[in-house]
Amino acid sequence: MIYFLAVLCVVGIAAGQILFKLSAASMERAGSFFDLRSLIILTGALALYGVTTIAWVWVLQKIELGRAYPLMAIAFVLVPIGSYFVFGERFQTQYFVGVLMIIFGILVTLKA
């Protein structure tokens, strides 16, 4: 259960990054930091980060940082996948090799 919540925190962090990028793109299109749509997206990203941070602190009360923190590396996989689907970003073959290495590293650290 605690590892599920830790992974949920990582998913929240990754989603927050996508929302930050959406707000930045919206601000660029609007030509203003004070565009209402952009601020709503930015506020959502900040709220998600806030809730995720509180949940992460709770996770750290239950398990060691050395066990929990490697899970944060999943964000390095999820954010680019999200950027592919949301923004249409493309990746080279080397990226996928790197993703496999990250996943392998996470598995090794969790088994240690």
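Let me begin by describing the structure that accompanies this report. Here the structure is a predicted model, which is why all the values come from computation and not from measurement. (Residues numbered from 1 in each chain as written. Predicted model: local features only at pLDDT ≥ 70, side-chain atom pairs only at ≥ 80, totals over all residues. Heavy atoms only, no water.)

## Structural notes on the overall build of the protein chain
Then comes step 1: Assigned secondary structure in the protein chain consists of five helices and zero strands.
Then comes step 2: For the protein chain, the sequential pattern of α-helices and β-strands runs α-α-α-α-α.
Then comes step 3: Here the protein chain, with 112 residues, has 30% of them falling under the buried criterion.
Then comes step 4: Long-range contacts, defined as pairs at least 24 residues apart, comprise 69% of the intrachain contacts of the protein chain with a sequence gap of at least 6.
Then comes step 5: Summed over all atoms, the accessible surface of the protein chain reaches about 7400 Å², with 73% contributed by carbon and sulfur.
Then comes step 6: On the protein chain, the mean spot of the 7 positive side-chain charges and the mean spot of the 4 negative ones are 9 Å from each other. (Helix = DSSP H or I, 4+ residues; strand = E, 2+ residues; numbered from the N terminus. Buried < 20%, exposed > 50% of the residue type's maximum accessible area, 1.4 Å probe, protein only. Contact = heavy atoms within 4.5 Å. Areas by Shrake-Rupley, 256 points an atom, 1.4 Å probe, with all protein chains shown as cover. Lys, Arg positive; Asp, Glu negative; His and termini not counted. Charge placed at Lys NZ, Arg CZ, Asp CG, Glu CD.)

## Things to note about the side chain of Thr52
Then comes step 1: One can find Thr52 in helix α2 (residues 36-62).
Then comes step 2: Thr52 gets classed as buried once you look at its relative accessible area, which sits at 6%.
Then comes step 3: Of note is the side chain of Thr52, whose polar atom sits 2.7 Å from the backbone oxygen of Leu48.
Then comes step 4: Filtering out sequence-adjacent residues up to four positions away, Thr52 remains in contact with Cys9, Gly12 and Ile13. (Polar contact = N/O pair within 3.5 Å; in protein donor to acceptor, adjacent residues only side chain to side chain.)

## Remarks on the packing of aromatic side chains
Then comes step 1: Evaluation of the coordinates by the stated rule reveals five aromatic pairs.
Then comes step 2: Ring centres of Phe20 and Tyr49 lie 5.1 Å apart, and the angle between their planes is 65 degrees; on these two criteria the pair is classed as edge-to-face. Note that Phe20 is positioned in helix α1 (residues 2-30) and Tyr49 in helix α2, a separation of 29 residues in sequence.
Then comes step 3: When the centroid spacing of 5.4 Å and the interplanar angle of 80 degrees are considered together, the rings of Tyr95 and Phe96 count as edge-to-face.
Then comes step 4: The partly exposed category is assigned to Phe96, whose relative accessible area is 47%.
Then comes step 5: Cluster of aromatic residues (ring-pair linked, three or more members): Phe91, Tyr95 and Phe96. (Phe/Tyr/Trp six-rings, centres within 6.5 Å; stacked < 30°, edge-to-face > 60°.)

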